[in-house]
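Chains, contacts and geometry: an overview
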Protein chains: 2
Amino acid sequence: MSEKVTIYDIAEKLNITAATVSRALNNNPKIKEATRELVIKTAAAMNYKQNKLALALKSGRSNNIGVIVPRIDSNFFASVIRGIEEELYPHGYQVIICQTHESIKRENENLHTLVDAQVDGIMMSVTGISNENDSAFRNVLEKNVPLIFFDRSKHIDGVSSVTINDFKGGYLATKHLIDEGCRHIAHLSGDQSLDIFKNRFLGYKQALLDNGLTFNEEHVIHVKSSVEAGKEATTALLALKTQPDAIFSSSDFAALGAIQELQARNYSIPNDFCVAGFSNEPFTKFMELSITSVDQSPLEMGKMSARVFLEQVDKTDTIKIEKKVVLAPELHIRKSSTKTTF
Amino acid sequence: MSEKVTIYDIAEKLNITAATVSRALNNNPKIKEATRELVIKTAAAMNYKQNKLALALKSGRSNNIGVIVPRIDSNFFASVIRGIEEELYPHGYQVIICQTHESIKRENENLHTLVDAQVDGIMMSVTGISNENDSAFRNVLEKNVPLIFFDRSKHIDGVSSVTINDFKGGYLATKHLIDEGCRHIAHLSGDQSLDIFKNRFLGYKQALLDNGLTFNEEHVIHVKSSVEAGKEATTALLALKTQPDAIFSSSDFAALGAIQELQARNYSIPNDFCVAGFSNEPFTKFMELSITSVDQSPLEMGKMSARVFLEQVDKTDTIKIEKKVVLAPELHIRKSSTKTTF
DNA sequence: TATTTTCGTGTAATCGATTACATGATTTCC
DNA sequence: GGAAATCATGTAATCGATTACACGAAAATA
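Residues numbered from 1 in each chain as written. Chains lettered and ligands numbered in written order. Predicted model: local features only at pLDDT ≥ 70, side-chain atom pairs only at ≥ 80, totals over all residues.

- Under an unreviewed UniProt entry, chain A has the name LacI family DNA-binding transcriptional regulator and belongs to Flavobacterium chungbukense.

Now the structure itself:
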């Protein structure tokens, strides 16, 4: 019952060779119609299932693609993965998940493991920018495995990426806060060696300058993406001589921390302080005091990454296509920053 | 540069056979120490990487395991997957993700695809209980692929499962609401053909009876796990002759919907109404009016599932071990149900 | 009818690694 | 010193499917 049926078993039963069986099952036009039907019928009757491992070995394609993310239990990454999976499912690809936990060592290990496992492509959000790990990336490219960055990208020749316009996201959020009457807008940034945080910061700065506000170095604080970090940063901001009247955070979690800290100190939001975050995590919408946030359309980002992969995978590897897709960010304005009553 | 190096290449360079190379790399004790060292050094120098596909074909083990969930972009499932990945990573397994989107057809397809892809095991949370799909499960078992259910389980001989004690979870939450002084507790349930929802309901009912309260059929409403469904159900509950004074929801999202609907109608929570949810989604903690919820320790559930898999995978397939792990639920009491001031 | 095409299928190599068995060289033991 | 044991390596089959090439039979052509 549990014995695996191979094309040899089918061949034996029909007194033909495995080659004929293989050809019949693959609709090779050279096979007589009667033979083809007989083989297909017999295969079905014997409950034959093609051995994908054998196929993978022979063809050199595993039909697996690897996805590397810092962690999977964040709505953003999970949604991207969902998009990738949905887009690739009809094409018969399986999605292998790896987490780096923000460790570069782990990122390198994952890259090697995936290449060793002969995945047909890798999509990833970079954990950090460092020079040491370049060998891992080089390894991927040397093996001609299509590599696509999403969200957190890295500048490597011949590598495609799907990101959002983070500069514009930062700009939009900041402009909105200015429009609400805020004049001293602080910014909670992330690791600026990562483009996403750098660009959100630059967008923030440009919005200030474009609107005649002064940029105050003190008002930019680097935080981890956590509630606790947001609280601490807010405490630090409140201790400044020139206190801010708004906070644009590159992280929704830090934005939440800021709100909690401000409320604990009896500041009123949005009256005393306006707050905006980034990522549009589900909770920002659910709060009674809903939080304004920049949406990154993660589902679309995942689907787009998958599409870019599909475009690349069949090209001869001599022609390298480097595609840079930039999605538009969308500002979701909510209570945490809406002074104007409707 | 990008040419793949095989053991034959190494053998040729050293004027020995591939068999010797293979044995040297696998630390076969029959190999002379000098040869072993030479082979290992040469392999490293040539940047040899073992071809996992060839190994998989020969050994019949792919070192991949499959995980099937209704969707990945929910904190609960993402966390379980995180747990699985973390636990399996040190053992060299890769995790393949499949989503059913609550479709039984998709569930069957996923099961077949994973078996065809020769995964070494499957962990899944069942999408629905139906008889039609039994053939897909039978197929898995016939092929002797270890199968482990987590959270949403199904009764199949020889299949292990990792769940939480949903009865106890329902009981704890309900008991807590009673302790807070609620006397007419409504319940938002899910599809009761799934054990998890059935058991939460039974726990709820038992808690009522154990505490001298009457069970009122009208107070049990079946909803989907969504904010909208929670709102609708609440509207229906408020229209009843005997209005409830508390809601225990099997879903955090429905609980949130209930809260929003109640607040829209100017009911005060927790004074007029106490609300408790299930799953301990991140937002329940983040809300200003934080929501009481039953934690399912998803990370632990994932790790435990992985451990059960590891225990099973090496046993001879004649001895079938069926292990039922039941984790303890933990009630997180928050503002939405705390009348008593501390 | 003789010759060339076409057709359908068989033969055998291939993908890359593992491993039972065979073999020759060396060592051990009486 | 010769038989037996041990050691290190080679030979070749195997996992299951694909496919270039070969080949005989039938069909088309002259």
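Now, onward.
**Quick word on the protein's contact with DNA strand D**
- Inspection of the region around DNA strand D gives 25 residues, with T6, A19, N51 and A54 of chain A together with T20 of chain B positioned closest.
- Secondary structure elements with two or more residues in the surface near DNA strand D: α2 (18-25) and α4 (52-59) of chain A together with α2 (18-25) and α4 (52-59) of chain B.
- With five residues, the single largest contributor to the surface near DNA strand D is α2 of chain A.
- Among the residues making up the surface near DNA strand D, the classes are represented as 11 nonpolar, eight polar and six charged. (Near = placed C-beta within 6 Å. Helix = DSSP H or I, 4+ residues; strand = E, 2+ residues; numbered from the N terminus. Nonpolar A, V, L, I, M, F, W, Y, C, P; charged D, E, K, R; others polar.)

**Digging into the interface of chain B and chain A**
- Each partner contributes residues to the interface: chain B has 37 residues there, and chain A has 37 residues.
- For the side of chain B that touches chain A, the elements supplying multiple residues, two or more each, are α4, α5 (75-88), β2 (94-99) and α12 (282-286) of chain B.
- Here the side of chain B that touches chain A gets six residues from one element, more than from any other, and that element is α5 of chain B.
- Partitioned by chemical class, the residues of the side of chain B that touches chain A number 18 nonpolar, nine polar and 10 charged.
- Strand direction decides the pairing type here: strand β2 (residues 94-99) of chain A and β2 of chain B, joined by three bridges, are antiparallel. If you follow I96 of chain A over to β2 of chain B, its bridge partner there is I96 of chain B. (Contact = placed C-beta atoms within 7 Å. Pairing = 2+ DSSP bridges.)

**Quick look at the environment of D195 of chain B**
- When you line up the elements, D195 of chain B lands in helix α9 (residues 195-210).
- Taking the C-alpha atoms as reference points, D195 of chain B and I333 of chain B, 138 residues apart in sequence, are found 24 Å from one another.

**Quick notes on the protein's contact with DNA strand C**
- Around DNA strand C, 25 residues are found, and the nearest of them are A19 of chain A together with T6, A19, N51 and A54 of chain B.
- Mapped by element, the contributors of at least two residues to the surface near DNA strand C are α2 and α4 of chain A together with α2 and α4 of chain B.
- Looking at which element gives the most residues to the surface near DNA strand C, the answer is α2 of chain B, with five residues.
- Classifying every residue of the surface near DNA strand C gives 11 nonpolar, eight polar and six charged.

**Remarks on the relation of the copies chain B and chain A**
- Once turned by 180 degrees and shifted 0.0 Å along the axis, chain B lies on chain A with an RMSD of 0.1 Å. With respect to symmetry, the two chain copies, as superposed, fit the operation of a two-fold axis. No C-alpha of chain B lies nearer the rotation axis than that of I96 of chain B, which sits 2.2 Å from it.
- A symmetric contact is evident, with 100% of the interface residues of chain B recurring at the interface of chain A. (Least-squares fit on C-alpha atoms with pLDDT ≥ 70 in both.)

**Section: the sheet that holds strand β11 (residues 324-327) of chain B**
- An order of β11(A)-β5(A)-β4(A)-β3(A)-β1(A)-β2(A)-β2(B)-β1(B)-β3(B)-β4(B)-β5(B)-β11(B) is seen for the 12 strands of this open sheet, with the pairing classed as mixed. Two strands lie at the open edges of the sheet, namely β11 (324-327) of chain A together with β11 of chain B, each paired on one side alone. Neighbouring strand axes in the sheet, compared pairwise and without regard to direction, differ in orientation by 20 degrees on average.
- The sheet contact formed by strand β3 (residues 121-124) of chain A and strand β4 (residues 147-150) of chain A spans three bridges and is parallel. Pairing of M124 of chain A across the sheet is with F149 of chain A, part of β4 of chain A.
- Across the face of the sheet, helix α13 (residues 298-313) of chain B comes into contact with β1 (64-69), β3 (121-124), β4 (147-150), β5 (160-164) and β11 of chain B while running at roughly 165 degrees to β5 of chain B. (Axes fitted to C-alpha atoms, helices over the stretch in contact; angles between N-to-C directions.)

**Details of the packing of helix α1 (residues 7-14) of chain B against helix α3 (residues 33-45) of chain B**
Residue and element names in this part refer to chain B.
- The contact between α1 and α3 brings their axes to 10 Å, and the two run at 120 degrees. For the element pair α1 / α3, the angle class is oblique. Crossing hand, α1 versus α3: right-handed. Across the interface between the two elements, I10, K13 and L14 of α1 pack against L38, V39, T42 and A43 of α3.
- Grouping the constituent residues of the contact of α1 with α3 by class yields five nonpolar, one polar and one charged. (Parallel < 35°, antiparallel > 145°, perpendicular 65-115°, else oblique. Left-handed = near helix turned anticlockwise from the far one by under 90°.)

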